[in-house]
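What follows is the residue order along each chain.
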Amino acid sequence: MKIQDILKYYREHKEVVAFAEKIRVSSAGRFQIRGMAGSQTSLMISALAQNTHQSKLVILNDKEDALYFLNDLQVLMPRKEILFFPASYKRPYQIEEIDNANVLQRAEVLNKLNQSRSDRHLIVTFGEALSEQVINKRSLVQNTLDLKKGDDVGMDFVIDVLDEYGFTHEDFVVDPGTYSVRGGILDVFSFAHDLPFRIEFSGEDIDSIRTFDPVDQMSLDQLTKVSMIPNIQKNLLDVERIHFLDYLSDKTQVFIQGLDFVTADLDRHYARAEKYYQQLNERSGGAASSHPPETMYTDGKTLLQGLDKVTTIEFERFHYRRVDGVLAWEGSPQPAFCKEFTLLAKHLHDNKDAGVLNFVLSDNPKQHQRLREIFEEIDHDAEFTGIESVLHRGFLDKRLKLALYTDHEIFERYHKYKSKARTRRSQAITLKELR
């Protein structure tokens, strides 16, 4: 059995289908999902995403919650591209503390929203990331170089544009914002994609475009077109900025973990930006070159104004007192067994007697075998179905009569989220050290 079979239970449930239709036809409606526990919310939002076919923005409380949620969605919907929108600054107004990997992910999301005709994006973010305003659509278009296979542009022209965008010439392309030249081949790492491009010219024409791995420099996928975008957080400070929600269509559905928490977090980051801006002014004698916070950052009030234009679905904590619809569910979190397998066996028995199906999730099938060997010694009748997959947290769904247990919670192992940006960055540093 696969985790997608569990998702199917949610997607086809009549109450989920009815709720999906309500939010699909709603215009700037206010809805709530209640009674979720563990990774039930990930399953529910995945089911709604498959039923409604509209763009969705999921706002979590902090970066850790967002990345765990992102990993859950990637497991549940492996064929769907799920975008992550992170924060770029470690501290406001500290350009030297910008994380290039995060800037790349932010630019990639903006580029996809600006260029794609699809209205089915699924984006995961958190409060701190939304506190930073983004470059407006017009300026993004003006500072984007689109290249297609067969274009008659010439390598010299492309290099001139890259220099103007602030790209630096290197022997090997490893980091975003760099390019290298070898004969008729131009390698460039744009801020619009998480992998660098290898563009091969035949005279003045673009003969082929491929992505390649910056670690081993081996070519990967063939492409027909690419976009070159500079570091929009560092090189385009003087252009007008807007709130991230302004990039979204009015048909976007926004799922939010706790609206009061997120707005308070935005207010806190805005106050922090005001503090740093005041310190810059004091050090420069009132002649700070940076733009004031109201043109660079977003507070909680501005977020609420942006949410007034779209359909909002809250889960876990509730801000709106009057809502257009509620999806009430029944769930409880996976208990803490503290490696007490006798207690786990009792839970499995109790569930079976209540007609509940037991599932144990693990990305390592040997863990399922290990559990069965343990139960052979202490309780032969303890039964479960193993699923070779992993979610962040287990739960008991009383409505669907399903119990999902995660092996890392059973064996009390720390479950770390996976971050694509962190992996790329560590590999790039290793290559630099070797060179």
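Model, not experiment: these values are computed from the prediction. (Residues numbered from 1 in each chain as written. Predicted model: local features only at pLDDT ≥ 70, side-chain atom pairs only at ≥ 80, totals over all residues. Heavy atoms only, no water.)

Describing the environment of Ser42
The topology assignment puts Ser42 in helix H3 (residues 40–52). We classify Ser42 as buried; its relative accessible area is 2%. On a C-alpha basis, the gap between Ser42 and Leu73 in space is 6.3 Å, while along the polypeptide they are 31 residues apart. Apart from the residues lying within four places of it in its own chain, the contact partners of Ser42 are Phe69, Asp72, Leu73 and Leu76. Looking at Ser42, its side chain comes within polar contact range of the side chain of Asp72, at 2.9 Å. (Helix = DSSP H or I, 4+ residues; strand = E, 2+ residues; numbered from the N terminus. Buried < 20%, exposed > 50% of the residue type's maximum accessible area, 1.4 Å probe, protein only. Contact = heavy atoms within 4.5 Å. Polar contact = N/O pair within 3.5 Å; in protein donor to acceptor, adjacent residues only side chain to side chain.)

Considering helix H8 (residues 155–164)
Taken together, the buried positions of H8 are Met155, Val158, Ile159, Val161 and Leu162. Viewed end-on, H8 has its buried residues packed into an arc of 160°, placing them on one side of the element. Turned more than 90 degrees from where H8 packs its buried face, Asp156, Asp160 and Glu164 sit exposed. Of the surrounding secondary structure, the elements contacted by the buried residues of H8 are strand E6 (145–148), strand E8 (178–182), strand E9 (185–189), strand E10 (197–202) and strand E13 (225–228). (Arc of directions from axis to C-beta.)

Quick look at the pattern of salt bridges
Scanning the model with the defined rule gives 14 salt bridges in all. Among the salt bridges present, the one from Glu330 reaches Arg399, with a minimum N-O distance of 3.4 Å. Note that Glu330 is positioned in the loop between strand E17 (325–328) and strand E18 (331–333) and Arg399 in the loop between strand E21 (395–397) and strand E22 (402–406), a separation of 69 residues in sequence. For Arg399, a relative accessible area of 26% gives the class partly exposed. Arg413 serves as the salt-bridge partner of Asp407, at 2.9 Å between the closest nitrogen and oxygen. (Salt bridge = Lys/Arg side-chain N within 4 Å of Asp/Glu carboxyl O.)

Things to note about the pairing of strand E1 (residues 30–34)
Taking burial as the measure, the five residues of E1 include four buried ones, the bulk of the element. Pairing geometry for E1 and strand E16 (residues 311–315), over four bridges, is parallel. Its bridge partner being in E16, Ile33 is matched across the sheet by Phe315. In this sheet, E17 lies alongside E1 in parallel orientation, the contact comprising four bridges. The residue bridging Ile33 from the neighbouring strand is Leu327, located in E17. (Pairing = 2+ DSSP bridges.)

Concerning the nonpolar core
Ranked by internal contacts, the top residues of the largest apolar core, which has 85 residues, are Ile33 and Phe244. The element that contributes the greatest number of residues to this core is helix H4 (residues 63–76), accounting for seven residues. Contact partners of Phe244, with chain neighbours within four places excluded, come to Leu57, Phe85, Val109, Leu110, Leu113, Ile123, Leu130 and Val134. Among the nonpolar cores identified, the runner-up in size contains 19 residues, and Val158, Leu186, Ile209 and Met228 belong to it. (Core = buried A, V, L, I, M, F, W, Y, C linked by side-chain atoms within 4.5 Å.)

Looking at unusual backbone geometry
One non-glycine residue, His53, lies in positive phi territory at about 55°. Assignment of secondary structure puts His53 in the loop between H3 and strand E2 (56–60). Among the residues examined, His53 registers a relative accessible area of 44% and is labelled partly exposed. A positive phi angle is found at Lys401, which is not glycine, with a value near 60°.

As for a negative patch on the surface
Taken together, the side chains of Asp152, Asp156, Asp160, Asp163, Glu164, Glu204, Asp205 and Asp207 present a region of like negative charge at the surface. Mapped onto the negative patch, the elements with two or more residues apiece are H8 and strand E11 (205–212). Per element, the largest residue contribution to the negative patch is four residues, and it comes from H8. Looking at where Glu204 falls in the secondary structure, it is placed in the loop between E10 and E11. (Patch = residues over 30% accessible without salt bridge, like charges linked within 9 Å, V, L, I, M, F, W, Y side chains within 5 Å. Areas by Shrake-Rupley, 256 points an atom, 1.4 Å probe, with all protein chains shown as cover. Lys, Arg positive; Asp, Glu negative; His and termini not counted. Charge placed at Lys NZ, Arg CZ, Asp CG, Glu CD.)

Here we look at helix H1 (residues 3–11)
Residues of H1 that are buried include every one of Ile3, Ile6, Leu7 and Tyr10, and no others. All buried residues of H1 project into a common sector of 100° when viewed along the axis, lining one side.

Points about the sheet that holds strand E15 (residues 253–256)
In any sheet, the strands associate via hydrogen bonds between backbone groups, in a parallel or an antiparallel arrangement. On the basis of which strands lie adjacent, the open sheet formed by seven strands has the order E3-E4-E2-E15-E16-E1-E17 and parallel pairing. Since the sheet does not close on itself, it has two edges, and those belong to strand E3 (82–84) and E17, each with one partner. Averaged over all neighbouring strand pairs, the angle between strand axes comes to 20°, with direction disregarded. Pairing of E2 with E15, which is carried by four bridges, proceeds in the parallel orientation. By the bridge assignment, Leu57 is partnered in E15 with Val254. Strands E1, E2, E15, E16 and E17 of the sheet are contacted by H3, whose axis makes an angle of about 165° with E2. (Axes fitted to C-alpha atoms, helices over the stretch in contact; angles between N-to-C directions.)

What about the packing of helix H2 (residues 14–25) against H3?
In contact at an axis separation of 9 Å, H2 and H3 are set at 60° when each is read in the N-to-C sense. Our pair here, H2 against H3, has a crossing hand that is right-handed. Residues Val16, Val17, Phe19, Ala20, Ile23 and Arg24 of H2 touch H3, and the partners they reach there are Met44, Ala47, Leu48, Asn51 and Thr52. Partitioned by chemical class, the residues of the contact of H2 with H3 number eight nonpolar, two polar and one charged. (Left-handed = near helix turned anticlockwise from the far one by under 90°. Nonpolar A, V, L, I, M, F, W, Y, C, P; charged D, E, K, R; others polar.)

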